[in-house]
Amino acid sequence: MGLLCAVFIANALLIDWLGWVISGSLLFWGAAIVLGSRRYFLALAAAVVLGLATFYGFAIGLGLGLPAGVLQGIL
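It should be emphasised that the depicted structure is a prediction, and the values quoted were computed from it without experimental measurement.

(A) Region of the structure containing the packing of aromatic side chains. Evaluated as defined, the whole model comprises two aromatic pairs. Plain terms: the ring middles of tryptophan 20 and phenylalanine 28 are 6.1 Å apart, the flat faces sit at 85 degrees to each other, and that makes the pair edge-to-face. Exposure remark for phenylalanine 28: the relative accessible area of 26% places this residue in the partly exposed category. Plain terms: the ring middles of phenylalanine 55 and tyrosine 56 are 5.3 Å apart, the flat faces sit at 85 degrees to each other, and that makes the pair edge-to-face.

Right under this line is the structure:
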């Protein structure tokens with residue numbers, strides 16, 4: 001439980017600097033690993049897809065902007 005809390009805290013601290021896509025991907029990947037996934041690369045690929053999907057889902061679907069961070073201008 002402590003490791004999962006650490007993943008959430010890391011996300012909260014990194015979201016402004018790294019942006020949602022990277023920090024959200026780290027959040028999803030870290031949560032998957034902490035909760036028992038041993039397929040590291042598949043979990044990472046799914047995390048990147050989820051990070052991008054939520055970023056564009058909020059931007060296009062809801063009209064809300066999530067922070068782009070270091071990927072500003074690329075996304």
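(B) Expanded view of the nonpolar core. Core analysis: the largest hydrophobic core is formed by seven residues, namely Val7, Ile15, Trp20, Val21, Leu27, Phe55 and Ala68. Mapped onto this core, the elements with two or more residues apiece are α1 (2-18) and α2 (20-34). When residues in this core are grouped by element, the largest group, three residues, is from α2. Excluding residues that lie within four positions of it along the chain, valine 7 makes contacts with Leu26, Leu27, Gly30, Ala31 and Val34.

(C) Layout of the environment of glycine 30. Among the secondary structure elements, glycine 30 is positioned in helix α2. The exposure class of glycine 30 is buried, given its relative accessible area of 10%.

(D) Representation of the environment of alanine 10. Positionally, alanine 10 belongs in helix α1. Spatially, the C-alpha atom of alanine 10 lies 8.2 Å from that of serine 23, the residues being 13 residues apart in sequence.

(E) How the structure looks around α2. Helix length check: α2 (15 residues) gives 20 Å between terminal C-alpha atoms against 21 Å at 1.5 Å per residue, within 8%. Residues of α2 that are buried include every one of Trp20, Val21, Ser23, Gly24, Ser25, Leu27, Gly30, Ala31 and Ile33, and no others. Packed against the buried residues of α2 are α1 and α3 (40-62). Directly after α2, the chain includes glycine 36, whose backbone phi takes a positive value near 120 degrees.

Definitions and cut-offs
- One numbering rule holds for all chains: residues counted from 1, following each sequence as written.
- Where local features are concerned, this predicted model is filtered to residues with pLDDT of at least 70; where side-chain atom pairs are given and counted, the filter is 80 or more; whole-chain, interface and lining totals use all residues.
- Hydrogens and water are ignored here; the side-chain numbers use all heavy atoms of the structure.
- Only rings of Phe, Tyr and Trp enter the pairing, Trp through its six-membered ring, and a pair is recorded when the two centres are within 6.5 Å. The plane angle decides the type: under 30 degrees is stacked, over 60 is edge-to-face, the rest tilted.
- Accessible area is worked out with a 1.4 Å probe on protein chains only. A residue is then buried under 20% of its type maximum, exposed over 50%, and partly exposed in between.
- Here, the term nonpolar core denotes a set of buried Ala, Val, Leu, Ile, Met, Phe, Trp, Tyr and Cys residues that are joined through side-chain atoms within 4.5 Å.
- Strands here mean DSSP runs of E at least two residues long; helices mean DSSP runs of H or I at least four residues long; both are numbered from the N terminus.
- In what follows, a contact means two residues having at least one pair of non-hydrogen atoms within 4.5 Å.
- Expected span of a helix, by definition, is 1.5 Å for each gap between consecutive residues, and there is one gap fewer than residues.

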